[in-house]
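This is what each chain is made of:
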Amino acid sequence: MPHAIAPPANAQPPTGHRPRWWTELPLIAVVYALYSVGRLLVRGDVTTAVDHGLAILRLEQALYLNAEHPLNRLFTSTPSLGIPADFAYASLHYAVTPAVLIWMFRRRSALYRSARVWLMNSTLLGLVGFSLMPTCPPRLLDASHGFVDTMAQYSAYGWWGQGASAPRGLSGMTNQYAAMPSLHVGWSLWCGILLWRHGRHPLVRAAGVAYPLLTTVIVMGTANHYFLDAVAGAAVMGAGALLVKPVTRFADRVKAWGAARFTGPVAVLFAAGPPHGSAAAQRPVSGAVSVTAPPNVSSGCKTSPGERIPGQRTTSADPPGTAVDGASAGGADPAATSDDAPAAAR
């Protein structure tokens, strides 16, 4: 995954192109809106979602990976752990992810585009997972399976209600069966890798390691995700990283196509140049006409008054040292104007 946002070994230095916030912000807003609407539209059948959740739970128990039960009991019996965990689950992915994206935009602009494409790829792949495999989270299973919804238990302390992190009364605006994969874990892993690779302060790099690990514990302890949901979230981020280069190349081709066919306000959508150091940024535009001034062949050398370059012709009507191209104006004999002629003849 790290190679997705690392510059190539033979990359050229940046050529001056920087991302523009007035084009980036609408793009991110549109993608997130499409993701949110799509997540609501892919709600699966509740019975199917419950079957998928129970199948995951049985698989984890068979593999001795069932860490959800002990963590959930700990968070349920210890409010000093459960309440902060609920706040973290309901808010951090909405705050930390944009913060890291802005940090990359401002401090690592040469790598920002790859980081943003990586995040978008993984988010859209997560949407595909929600549609193909609706999954009931542990907190919505029957109580006989041993899980307690800590979000509901501690809802008096926060803004959420029965719909996980959704505000009270707005649970209908979220898809509670979009548990596989866990994008809480996926987004935190994206943040962690970027902080670890590009943070300069040791505390920033330490936060890059701690944040995804802490998020994984929280999503299981609050009974919002299974451990295998977290594994799937990491896998989605890996797939999104592998798609960064082909998606970026495709986007560059679309921009080139749009810039060649549209003018006026629509052309602004395709105005952003290619990324830093890319071959497209350094390749001359096909059909472009050079407007540079011709070279100065004289190299700044001048003749003094009365000085003549050997072999250069003059006319008798011109003052000494004045040269004319071609034959003399009076049609004089070329022999009389040559350097080999006597001085009287010149």
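Quick caveat: nothing in here was measured; it's all calculated off a predicted structure. (Residues numbered from 1 in each chain as written. Predicted model: local features only at pLDDT ≥ 70, side-chain atom pairs only at ≥ 80, totals over all residues. Heavy atoms only, no water.)

### Section: the overall build of the protein
- Of the regular secondary structure elements, the protein holds 12 helices and zero strands.
- When the helices and strands of the protein are placed in sequence order, the string is α-α-α-α-α-α-α-α-α-α-α-α.
- Sequence separation of at least 24 residues holds for 77% of the intrachain contacts in the protein that already meet a minimum separation of 6.
- Roughly 19600 Å² of accessible area belongs to the protein as shown, and the carbon and sulfur atoms make up 65% of that amount. (Helix = DSSP H or I, 4+ residues; strand = E, 2+ residues; numbered from the N terminus. Contact = heavy atoms within 4.5 Å. Areas by Shrake-Rupley, 256 points an atom, 1.4 Å probe, with all protein chains shown as cover.)

### Let's talk about empty space enclosed by the protein
- In the structure shown here, the tally under the stated rule is one cavity of 30 Å³ or more.
- Volume-wise, the largest cavity comes out at about 60 Å³.
- Lining the largest cavity are Ala 88, Tyr 89, Leu 92, His 93, His 184, Tyr 211, Thr 215, Ile 218 and Val 219.
- Looking at the lining of the largest cavity, the elements with two or more residues in it are helix H4 (79-107) and helix H8 (202-221).
- Along the lines of polarity and charge, the residues of the lining of the largest cavity split into six nonpolar, three polar and no charged. (1 Å grid on protein atoms, 1.4 Å probe; cavity = no way out; pocket = protein on both sides within 12 Å on 5 of 7 lines; lining within 4 Å. Points joined across faces, edges and corners; volume = space filled by probe spheres on them. Nonpolar A, V, L, I, M, F, W, Y, C, P; charged D, E, K, R; others polar.)

### Brief notes about the packing of helix H2 (residues 46-62) against helix H9 (residues 227-242)
- In the contact formed by H2 and H9, the axes pass within 9 Å of each other and the chain directions differ by 95°. Relative to H9, H2 is oriented roughly perpendicular. In this structure, H2 contributes Ile 56, Leu 59 and Glu 60 to the contact, and H9 contributes Phe 227, Leu 228 and Asp 229.
- Looking at side-chain class alone, the contact of H2 with H9 contains four nonpolar, no polar and two charged residues. (Axes fitted to C-alpha atoms, helices over the stretch in contact; angles between N-to-C directions. Parallel < 35°, antiparallel > 145°, perpendicular 65-115°, else oblique.)

### Describing the packing of aromatic side chains
- Summed over all chains, the structure comprises two aromatic pairs.
- Here Phe 105 and Tyr 112 contribute two aromatic rings whose centre-to-centre distance is 5.2 Å and whose plane-to-plane angle is 85°, an arrangement assigned as edge-to-face. Of the two residues, Phe 105 and Tyr 112, neither departs from the other in class, the shared state being buried.
- Consider the rings of Tyr 154 and Tyr 157, whose centres lie 6.4 Å apart with planes at 65°: the pair is edge-to-face.
- Geometry around Trp 196 places Arg 205 over its ring, the cationic atom sitting 3.9 Å from the centre. (Phe/Tyr/Trp six-rings, centres within 6.5 Å; stacked < 30°, edge-to-face > 60°. Buried < 20%, exposed > 50% of the residue type's maximum accessible area, 1.4 Å probe, protein only. Lys NZ or Arg CZ within 6 Å of the ring centre and 35° of its normal.)

### Quick word on the side chain of Thr 215
- Topologically, Thr 215 is positioned in helix H8.
- Take Thr 215: its relative accessible area is 10%, and that puts it in the buried class.
- Not counting residues within four places of it along the chain, the set of residues in contact with Thr 215 comprises His 184, Val 185 and Ser 188.

### Points about the environment of Met 237
- Inspection of the secondary structure assignment puts Met 237 in helix H9.
- Here the alpha-carbon distance between Met 237 and Leu 189, two residues 48 residues apart in the chain, equals 7.7 Å.

### Examining the packing of H4 against helix H7 (residues 183-198)
- Direction vectors running N to C along H4 and H7 enclose 35°, while the axes themselves pass 10 Å from each other. The two elements H4 and H7 meet at a crossing, and its hand is left-handed. On H7, the residues touching Tyr 89, His 93, Val 96, Thr 97, Val 100, Leu 101, Trp 103 and Met 104 of H4 are His 184, Trp 187, Trp 190, Cys 191, Leu 194, Leu 195 and His 198.
- Among the residues making up the contact of H4 with H7, the classes are represented as 11 nonpolar, four polar and no charged. (Left-handed = near helix turned anticlockwise from the far one by under 90°.)

### Regarding the environment of Ala 232
- As for its position among the elements, Ala 232 is in helix H9.
- For Ala 232, a relative accessible area of 17% corresponds to the buried category.
- Sequence-wise, Ala 232 and Gly 126 are 106 residues apart; in three dimensions their C-alpha atoms are separated by 9.1 Å.
- If we skip the residues at most four places from it in the chain, Ala 232 touches Met 180 and Pro 181.

### Observations concerning the confidence of the model for the protein
- Taken over all residues, the pLDDT of the protein has a mean of 77, while the share at 70 or more is 64%.
- Every residue in residues 273-293 scores below 50 in pLDDT, and together they form 24 contacts with partners more than four places removed in sequence or on other chains. (pLDDT = per-residue confidence, 0-100.)

### Overview of the nonpolar core
- With 27 residues, the main nonpolar core has Val 100, Met 104, Trp 118, Trp 190 and Leu 194 as its most contacted residues.
- Secondary-structure elements contributing two or more residues to this core are H4, helix H5 (109-132), H7 and H9.
- Among the nonpolar cores identified, the runner-up in size contains 13 residues, and Tyr 89, Ala 90, Val 219 and Met 220 belong to it. (Core = buried A, V, L, I, M, F, W, Y, C linked by side-chain atoms within 4.5 Å.)

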